[in-house]
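The lines below spell out each chain.
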Amino acid sequence: MTEQPERQQPERHEDPTPPDIRAGETRPAASADGAGTPAAAAQAPGAAFGAGATGAQQPDSSQRPEPRRAGIGMVAVAAIAALVGGGVGAGVYAGVTGGAGGPASSQGPVGTNVMINDVDNATVISGVAATVAPSVVTLSVNGGQASGSGSGVVLSEDGYILTNAHVATLSGAAAEPSIRVQSYDGRLFDATLVGSDPIADLAVVKVDADVEFQPVEFADSDELNVGDTTIAIGAPLGLSNTVTSGVVSALNRSITVASSAAPESEEAPDAPQPDAPDGWGPFDFWEFDNGPDRGSAPVSSTIALPVIQTDAAINPGNSGGALLDEDGKVIGINVAIASTGNTGSSTAGSIGVGFAIPANLAQRVASELIENGTASHGLLGATVADVTDDRAIESDVVGASIQEVTPDGAAERAGLKPGDVVVEFEGLPITGKTDLTAQVRVLPGGAEAELVYVRDGERNTATVTLGELG
């Protein structure tokens with residue numbers, strides 16, 4: 001989010017720690033989080049967003065022809081021609097009369113639309129941008145003493161929109177935010193917060209207007225490969241309809257960031273929360289004004305996220321926007337960037353290390369938020385640590401070491417004991433506590449998962465039935 005704070009900011013201080021992670025909001029917040037442990041929190045891919053969610057029924061994808069990956073020019077021209085009728089004149093605004101379900105206002109579009117000047121030589125990225133632009137919106141949020149803007153993606157024709165929790169709640173500063181949604185063609189709508197999930201940093205808002213929106217389509221994020229094309233659409237620095245591109249740089253990353261749990265009342269926090277002991281470095285997805293005193297907050301103020309890493313340029317304000325594949329399907333919800341700028345510096349920007357919440361997790365959480373207003377996350381019932389930091393054990397492999405187990409918790413019932421080192425979870429490698437916590441949180445409470453652990457130098461496999469994070 002790009003924030004315009006209403007009070008004077010403290011003096012910035014140079015922070016010698018590694019690069020910060022930011023995704024556009026500048027308000028601190030604390031929340032309970034942990035893998036059943038005072039460590040971090042996690043989440044994992046779930047069921048696809050679909051007809052089961054109230055008001056969020058997706059068009060039947062079986063009725064659509066499968067997009068072709070071959071023939072870059074052909075795909076792009078076809079996509080653009082479908083929107084602009086081939087384009088007349090030197091500068092064609094893609095779909096200026098078809099955005100968000102109908103003609104633009106009588107005064108014409110206010111915002112900048114995706115412009116295609118030469119349809120015949122348009123690229124796949126041009127085609128994706130023109131096709132998906134109506135499904136990406138800009139959010140302006142006010143509440144308490146904070147305000148800011150971010151991005152969102154349309155989930156359903158009747159106006160359910162997915163964004164980041166830190167966008168919708170101003171990083172936890174607003175329990176009942178005032179939200180306005182700007183469509184790609186410049187129309188403005190009021191929206192209400194349906195539900196916020198600070199554990200996955202996702203939220204759903206609803207536009208209440210007699211218009212028909214164009215929902216996005218989701219890809220299966222479990223099918224991604226490193227090197228796949230990525231296209232980001234959002235409103236970095238408030239610049240709506242901005243398109244950037246890159247590739248999938250890495251999969252199954254885990255980062256630790258600040259939680260965006262909203263307060264129970266409309267009162268804003270009395271003061272910014274200082275950083276958690278190991279919650280930020282090097283990952284923090286928005287710019288906190290914490291001053292030089294860092295490292296004394298409870299670890300419950302952080303969460304662990306499983307993410308897709310991309311080198312597509314993502315900047316503050318891209319938060320909640322779409323990360324797409326070359327077929328125009330959402331593979332992730334943009335959430336964070338790495339920056340070499342000073343901690344708390346509003347001038348820091350993308351250095352080509354961006355992160356997005358995988359589509360499978362985003363779909364599951366969105367469906368649950370629409371149906372219940374809350375989302376479920378797994379709980380291992382164990383205190384975990386990085387093997388490299390755990391002096392109580394000796395291990396010749398990296399992983400997450402079990403320090404304590406909760407009596408009758410999921411870990412204990414699965415036979416795990418202190419000293420065990422978890423090295424795999426649901427087939428994914430675990431290199432430390434953040435990996436384990438993030439992957440546990442991907443799954444809903446009550447889900448079964450298979451993990452591999454090392455005990456006395458031998459690898460063992462266990463099936464664990466996860467508890468539910470309360």
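Note: the structure precedes this text.
Notes on the structure in this doc start here. Computed from a predicted model, the values in this text were never measured in an experiment.

## Remarks on the overall build of the chain
- Check the secondary structure of the chain and you find six helices and 24 strands.
- In the chain, which comprises 470 residues, the share counted as buried stands at 55%.
- By element, 48% of the accessible surface of the chain is carried by carbon and sulfur atoms, the whole surface being about 18,700 Å².

## Focus: the nonpolar core
- Ranked by size, the top nonpolar core spans 37 residues in total, and within it L155, L162, L202, V204 and L324 carry the most contacts.
- Here the element with the most residues in this core is helix 4 (residues 359-372); it accounts for seven residues.
- Not counting the four nearest positions on each side in its chain, L162 is found in contact with G152, V153, L155, L202, A203, V204, G320, I333, A362 and A366.
- Membership of the second largest hydrophobic core comes to 22 residues, among which are I430, V440, L443 and L466.

## Comments concerning the packing of aromatic side chains
- All chains considered together, the criterion is met by one aromatic pair.
- Between F189 and F213, the aromatic rings sit 5.5 Å apart at their centres with planes inclined by 65 degrees, giving edge-to-face as the arrangement. Residue F189 is located in strand 9 (residues 188-197), and its partner F213 is located in the loop between strand 10 (202-207) and strand 11 (229-234); the two are separated by 24 residues in the primary sequence. F213 carries the same exposure label as F189, and that label is buried.
- Cation over ring: K206 sits above Y160, and NZ or CZ is 5.4 Å from the ring centre.

## Observations concerning the pattern of salt bridges
- Scanning the model with the defined rule gives six salt bridges in all.
- Between R455 and D420 there is a salt bridge whose closest N-O contact spans 2.8 Å. One end of the pair, R455, is in strand 22 (residues 448-455); the other, D420, is in the loop between helix 5 (410-413) and strand 20 (421-425), and 35 residues separate them in sequence.
- A salt bridge links R459 to E424, with the nearest nitrogen and oxygen atoms 3.1 Å apart. One end of the pair, R459, is in strand 23 (residues 458-465); the other, E424, is in strand 20, with 35 residues separating them in the sequence.
- According to the relative accessible area criterion, E424 is partly exposed, its value standing at 26%.

## Concerning the environment of R455
- For R455, a relative accessible area of 24% puts it in the partly exposed group.
- A sequence separation of 34 residues divides R455 from V421, and the C-alpha atoms of the two residues are 6.8 Å apart.
- Once you skip the residues sitting within four places of it in the chain, R455 turns out to touch G415, L416, K417, D420 and N460.
- At a separation of 2.8 Å, a polar atom in the side chain of R455 contacts the side chain of D420.

## Focus on the environment of G195
- Structurally, the position occupied by G195 is in strand 9.
- Through-space distance from the C-alpha of G195 to that of A168 is 9.4 Å; in sequence the pair is 27 residues apart.
- When residues no more than four places from it in sequence are discounted, the contact partners of G195 are A203, V204, L369 and G373.

How each quantity is defined
- Residues numbered from 1 in each chain as written.
- Predicted model: local features only at pLDDT ≥ 70, side-chain atom pairs only at ≥ 80, totals over all residues.
- Heavy atoms only, no water.
- Helix = DSSP H or I, 4+ residues; strand = E, 2+ residues; numbered from the N terminus.
- Buried < 20%, exposed > 50% of the residue type's maximum accessible area, 1.4 Å probe, protein only.
- Areas by Shrake-Rupley, 256 points an atom, 1.4 Å probe, with all protein chains shown as cover.
- Core = buried A, V, L, I, M, F, W, Y, C linked by side-chain atoms within 4.5 Å.
- Contact = heavy atoms within 4.5 Å.
- Phe/Tyr/Trp six-rings, centres within 6.5 Å; stacked < 30°, edge-to-face > 60°.
- Lys NZ or Arg CZ within 6 Å of the ring centre and 35° of its normal.
- Salt bridge = Lys/Arg side-chain N within 4 Å of Asp/Glu carboxyl O.
- Polar contact = N/O pair within 3.5 Å; in protein donor to acceptor, adjacent residues only side chain to side chain.

Any functional reading would require information that these geometric values do not contain.
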